[in-house]
Every structure is written in structure tokens, then in C-alpha cells.
Amino acid sequence: MSIFENILDILEKKGAISIPSLLDEMNKLSNFQNTSRKPLELSHVKSVISRKREIFHIKNNIVTIDPDKEPILLSVSLGGYPGPWYKVEVDFMNGYFVYFEWHLSSFSHRNELPAASGSIEEFKKELYRLKIWKWQKEYQNPGIILDSVTWSIKLITKENIFESQGIQAFPEGWEKFCKALSKLTGKYIC
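To start, this report covers the structure provided alongside it. (Residues numbered from 1 in each chain as written. Predicted model: local features only at pLDDT ≥ 70, side-chain atom pairs only at ≥ 80, totals over all residues. Heavy atoms only, no water.)

## Examining the environment of G80
Step number 1: Within the secondary structure, G80 is located in the loop between strand 4 (71-79) and strand 5 (85-91).
Step number 2: C-alpha of G80 to C-alpha of T150: the two residues are 70 residues apart in sequence and 6.0 Å apart in space.
Step number 3: Ignoring sequence-local partners within four residues, the contact set of G80 consists of W85 and S148. (Helix = DSSP H or I, 4+ residues; strand = E, 2+ residues; numbered from the N terminus. Contact = heavy atoms within 4.5 Å.)

So, in C-alpha cells, the structure goes:
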């Protein structure tokens, strides 16, 4: 697990924490995971926090996840004619997701059951990496579109709502988002 992921895990469990206390927690965690590893230094932790400053909020040497970026609920809808269509809602506060799939064609693979679902915490970490809050409101393909994929995403954080949608045009990182969503649901989605 990376230093960034460890910081996210500790902040999720402990809430606001001083940087020295965060370092202590990380060293306890790394000693538990691997006894041959050298302890982290304060400069390592500060460096990661500095590089990811749009995710972390620091005030008086206390680190928190920026409430403007901390997800509460994610709603994803996507599909195209003749289907399938998918709707996934991830409730980060209560730790569950709901997955709907529907088909308009009798030739679809309706009997395929999802594989084992993934971790909501791992999915959340991927959302932090993808920075969905930076996605444009709308993505459109400039050409004529006959059979297309239509999608929309609504991310509700503690202090904001980010919405994005598109028709056969996708933001940077879309493939990674699809992989993370497929891993979470246990079903290939996009």
C-alpha cells in the first residue's frame, strides 16, 4: 500500500490528526505489515501531503481530507441502444452500493451473474486519484452519432456536488474509472 493510501486510511479511521501523529500511525502500520522496513520520516509524509494538497486540508498542522472532495454518494448511469444500461449508486457513508442492469435486446447476456464485488474503500481511493471533481460538465462528440454510449455521473461530497455527462465522448481517466467501477460491482460495465 502506498503512503498516499495509508494516509487516506488513517484519516478515514481517525479523522483530523496532526502531521506528527499521522507519521506515528503510519510507522505503526508499516511495522505491523513489514518488520524489515525502515520507519517513514516526517519529510516523506509532508511530501505526499504537499503533492496531493487538493485532496488534503491542513490548518495549524492538522490534516484532514478536504470536505469539498470527500465523497458521500456517487451515482453513475450509462448505456446505449440496444443496451445494456447500467445504474450504480455508491453510498460511501454507509458502505454499500446498488447496481441495476437492464437490457432492451433479447440477444444480450442477461443470465451472467456478477463476480464477487470489490471494496468500496479501494474504489474511493481510485476516485481520489481520478479527480472526478475536475471533469467538465459536458463531453460531446462533434460528429454524427448513431449508436452511442450516453453517461452521467453525480458525485456528492460533504460540501459540493459535481456532475458530468457525455455522449460518445469521455474525460481523461475514463478507462480507469470503468475498471474501478467494474471491479467494485463484479460486472464488466464499460
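Once you've had a look at it, read on.
## Quick word on the side chain of K69
Step number 1: Counting through the fold element by element, K69 comes out in the loop between strand 3 (62-65) and strand 4.
Step number 2: Its relative accessible area of 11% is what places K69 among the buried residues.
Step number 3: Excluding residues that lie within four positions of it along the chain, K69 makes contacts with E54, I55, Y128, W133 and T157. (Buried < 20%, exposed > 50% of the residue type's maximum accessible area, 1.4 Å probe, protein only.)

## Brief notes about the state of the cysteines
Step number 1: Going through the model one piece at a time under the given rule, you end up with 1 disulfide.
Step number 2: Between the sulfur atoms of C178 and its disulfide partner C190 the distance amounts to 1.9 Å. One quick way to see it: the torsion about the S-S bond of C178 and C190 is about -110°, and its sign makes the bridge left-handed. On the criterion of sequence distance, the pair formed by C178 in helix 5 (residues 174-185) and C190 in the segment after helix 5 is long-range, its members being 12 residues apart.
Step number 3: Look at C178 and you get buried, because its relative accessible area is 3%. (Disulfide = S-S within 2.5 Å.)

## So, the environment of G173
Step number 1: Relative to the elements of secondary structure, G173 occurs in the loop between strand 9 (161-167) and helix 5.
Step number 2: Considering only alpha carbons, one finds G173 and I132, 41 residues apart in sequence, at a separation of 8.9 Å.

## Thoughts on the packing of aromatic side chains
Aromatic ring pairs are described here by two measures, namely the spacing of the ring centres and the angle between the planes.
Step number 1: Under the definition given, this model contains 12 aromatic pairs.
Step number 2: Centre to centre, the rings of F123 and F177 are 6.4 Å apart; their planes meet at 50°, and the pair counts as tilted. Taken together, the residues F123 in helix 4 (residues 120-130) and F177 in helix 5 connect sequence positions 54 residues apart.
Step number 3: Ring centres 6.3 Å apart and planes at 80° place the aromatic pair W135 and W151 in the edge-to-face group. (Phe/Tyr/Trp six-rings, centres within 6.5 Å; stacked < 30°, edge-to-face > 60°.)

## Re the sheet that holds strand 1 (residues 17-18)
Step number 1: Read from one edge to the other, the open sheet built from 3 strands follows the order 1-3-2, with strand pairing classed as antiparallel. In the strand order of this sheet, the two ends are held by strand 1 and strand 2 (56-59), each with one partner.
Step number 2: One ladder, built from 2 bridges, connects strand 1 with strand 3; its direction is antiparallel. Counterpart to S18 in the pairing with strand 3 is I62. (Pairing = 2+ DSSP bridges.)

## Describing the packing of helix 4 against helix 5
To describe two helices that pack against each other, one gives the angle between their axes and the distance between the axes.
Step number 1: At a closest axis distance of 10 Å, the pairing of helix 4 and helix 5 adopts a crossing angle of 170°. Relative to helix 5, helix 4 is oriented roughly antiparallel. Note on element contacts: helix 5 touches helix 4 through K176, F177, A180, L181 and L184, opposite I120, F123, E126, L127 and L130.
Step number 2: For the contact of helix 4 with helix 5, the per-class residue count stands at 8 nonpolar, no polar and 2 charged. (Axes fitted to C-alpha atoms, helices over the stretch in contact; angles between N-to-C directions. Parallel < 35°, antiparallel > 145°, perpendicular 65-115°, else oblique. Nonpolar A, V, L, I, M, F, W, Y, C, P; charged D, E, K, R; others polar.)

Limitation: the analysis is restricted to geometry and does not speak to function.
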